[in-house]
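# Residue-level structural notes
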Amino acid sequence: MNDLNELQKDLDVLKTSLAVQDNGAVSNLRIETVADLEAAADKLGEYSRRETWAYKRHEMLSMASRCLLLGLSANSPIDPDGVLKAVALYLTIAIEYDRQKAQDGLSLIEKALSDGFAISAELNFMRSQFHLISGDVESAKDYYAQAATNCKGRELTWTSYSFHWPIVEARQRFRRWPSFKRLLDQSDKMLAYMGLAEEKKELRDNPYSDLSTDTKYWKTAVAQRMPAQLADLYRKKYDLDKQTKIMSVGSCFAQHIGRVLKENAFGFLDYEPAFKRPHYLAQPAQDMGYDLYSARYGNIYTARQLRQLFLRAFGRFSPQEDFWADNGRWYDPFRPTIEPSGYFSLREAQVMRASHLRAVRRLFEDAELMIFTMGLTEAWRHKHDGAVYPMCPGTAAGVFNEAKYEFKNFTYREIKDDLEALIAELREIKPDLKILLTVSPVPLTATASQDHVLVATMRSKAVLRAVALEFYEKYDFVDYFPSYDIISSIPFARGAFQDNLRGVKPEVVDFIMSRFLSAHGYRAAPAAAVTTQSPVQIAVAQAPEEQCDEALLEAFGRK
């Protein structure tokens, strides 16, 4: 009875994390007697296939397997069909999730069986199938030989398994469960491919013969996995420890990187921290550019914009247009949203900018690793001196003047040249500086090009990704983290983004950053326990919204 109580407690936790709204089908599921176990297993197996709860599929299948195993040990005599259901569930987990869990589960099932139990032939046959699709042909043959021995003298050979009892009966049983039918289909194809069945195919040595099926083949590495199970997505180029002085700059997605590094006690630099702002300011710190990046420079979308920030900090570039006057207030054209209401005087604006550029200069001088998240290829610039703005003049501040400002969509060559020049200038003052490039997965809010915004977004990200690849391959001190590649890929697709299809869901950000931390030998700091909310709800509650200047353009598209 204690086992049933423990199982019910775990089931209650699972139901809470699912935030179940299913008219009672799962939310009212109870395990009070041994007779409830098989019904619970069937229900969990059925509902695990629903797309709404796909992210919990592994846990639901594992819970179903536990129900069946507990039923096996509680019933006497043991129900053969229950044994096969348990095997089916564990091997489903093996295919889709964790092969070690499948091995452990099959061992538990063996313990539940008495010596000489009639179903052992079927069990050993299914173990052979498991090892076959896992690529362990020798183990598959060994278990198949044991299945043959269990057949009481009937001769079975590796290539004729499908014609003998109890193998035929076993296959018929397993094919009743759709989730397990795929295993049999896979094993049949594998046998045919290896020339071990009637369908012969000659194998030849070639560069693809020894590739890992976990990472190198789309079907096994991607198509047959849930998004959260994608592995080995990032191979670090150099080590990163918590003493490394890190600065973060880039588009709005870079804010997530900085947040996670701070939460996990890395040496994240912040040279304009929120605690230094005037105490009388009532606006939230992040609305004024604090706690977003390593300084209050706001969103840096392009390589040209970042290079010009560096040049201005070191006194090598002085834009013709210094500040914008707008309704009696003064705005910094290069940080138009840092002071949402503007400065009350030109003198105040000048003092604040000078302080900011001093902080940025110290930042470039002290940082040992610069993380740059490239966001866009599109920008607006001054026609006369080429000064690049984070936003089109006349949107967040200023007045648009067609004679002064022009739209620019940077090409691959221009971005490459800007980044090349910036790296040379950075390493001139910091010879051992390392750089980590990422590409923001966040789409454009709007485009001033002639293209549809979707096409413009794809163009922008493709160019930035190509530039990042070139620098990754060219320099040993430049690494690339594939946040864009992961989030924009087919497995995540629409499900990675919030309802506006721009903001990345907090739980997806956490997944991405956990892959980055684990590659460097660290585990993400655990979130505070909140027992009444699902992990997704907890993540949404805890993760601050990103501050994205470009998102302000949305207001101009409303009818």
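Reference entry: report on the structure contained in this document. Since the structure is predicted, the reported quantities are computational estimates derived from the model, not experimental observations.

## Some points on the overall build of the protein chain
- Assigned secondary structure in the protein chain consists of 18 helices and nine strands.
- Evaluated residue by residue, the protein chain yields a buried proportion of 51% over its 559 residues.
- Taken as a whole, the protein chain presents about 27,200 Å² of accessible surface, with 50% of it coming from carbon and sulfur.

## Points about unusual backbone geometry
- Phi is positive for Ala265, close to 60°, though the residue is something other than glycine.
- Along the chain, the position of Ala265 falls in the loop between α11 (254-263) and α12 (303-313).
- Positioned with a positive phi, Asn327 is a non-glycine residue whose angle comes to about 55°.
- Relative to the elements of secondary structure, Asn327 occurs in the loop between β2 (324-326) and β3 (329-331).

## What to know about the nonpolar core
- Counting 56 residues, the largest nonpolar core has Tyr297, Leu306, Phe364, Met370, Phe372, Leu419 and Leu437 as its most contacted members.
- Ranked by residues supplied to this core, first place goes to α12 with six residues.
- Among all residues touching Phe372, those that are not within four sequence positions of it are Val249, Gly250, Ile300, Thr302, Ala303, Leu306, Leu419, Leu436, Leu437 and Thr438.
- Of all hydrophobic cores here, the second largest spans 27 residues; its members include Leu240, Ile257, Ile486 and Leu517.

## Some thoughts on the sheet that holds strand β7 (residues 405-409)
- Pairing is antiparallel in the open sheet, where three strands are placed in the order β6-β5-β7. Edge strands, defined here as strands with exactly one partner in the open sheet, are β6 (388-389) and β7.
- Here strand β5 (residues 378-382) pairs with β7 via five bridges, running antiparallel. Paired with Glu378 across the bridge in β7 is Asn409.

## What about the packing of aromatic side chains?
- Applying the stated criterion to the full structure yields 14 aromatic pairs.
- A centroid spacing of 6.1 Å and a plane angle of 35° characterise the contact between Phe400 and Tyr405, whose relative ring orientation is tilted.
- On the accessibility criterion, Phe400 (38% relative accessible area) is partly exposed.
- The rings of Trp324, Phe334, Trp380, Tyr389, Phe400, Tyr405 and Phe407 are connected pair by pair, giving a single aromatic cluster.
- A cation over a ring is seen here: Arg312 above Phe334, with NZ or CZ 4.3 Å from the ring centre.
- Lying over the aromatic face of Phe323, Arg353 brings its terminal NZ or CZ to 4.1 Å of the ring centre.

## Regarding the side chain of Arg296
- By the secondary structure assignment, Arg296 is in the loop between α11 and α12.
- Excluding residues within four positions of it along the chain, Arg296 makes contact with Glu272, Met288, Gly289, Tyr290, Arg335, Ile338, Glu339, Met352 and His356.

## Digging into a nonpolar patch on the surface
- Taken together, the side chains of Leu454, Val455 and Met458 define a hydrophobic patch exposed on the protein surface, amounting to about 280 Å² of accessible area.
- Examined against the element boundaries, Leu454 turns out to sit in helix α15 (residues 453-474).
- Among the residues examined, Leu454 registers a relative accessible area of 53% and is labelled exposed.

## A short note on the pattern of salt bridges
- Enumeration over the complete set of coordinates arrives at 18 salt bridges.
- In this structure, Asp239 engages Lys236 in a salt bridge whose closest nitrogen and oxygen atoms are separated by 2.7 Å.
- Residue class for Lys236 comes out partly exposed when judged on its relative accessible area of 34%.
- When the shortest N-O distance is used, the salt bridge between Arg465 and Asp485 registers 2.7 Å. With Arg465 in helix α15 and Asp485 in helix α16 (residues 483-487), this pair connects stretches of sequence that are 20 residues apart.

Conventions adopted
- Residues numbered from 1 in each chain as written.
- Predicted model: local features only at pLDDT ≥ 70, side-chain atom pairs only at ≥ 80, totals over all residues.
- Heavy atoms only, no water.
- Helix = DSSP H or I, 4+ residues; strand = E, 2+ residues; numbered from the N terminus.
- Buried < 20%, exposed > 50% of the residue type's maximum accessible area, 1.4 Å probe, protein only.
- Areas by Shrake-Rupley, 256 points an atom, 1.4 Å probe, with all protein chains shown as cover.
- Core = buried A, V, L, I, M, F, W, Y, C linked by side-chain atoms within 4.5 Å.
- Contact = heavy atoms within 4.5 Å.
- Pairing = 2+ DSSP bridges.
- Phe/Tyr/Trp six-rings, centres within 6.5 Å; stacked < 30°, edge-to-face > 60°.
- Lys NZ or Arg CZ within 6 Å of the ring centre and 35° of its normal.
- Patch = residues over 30% accessible without salt bridge, like charges linked within 9 Å, V, L, I, M, F, W, Y side chains within 5 Å.
- Salt bridge = Lys/Arg side-chain N within 4 Å of Asp/Glu carboxyl O.

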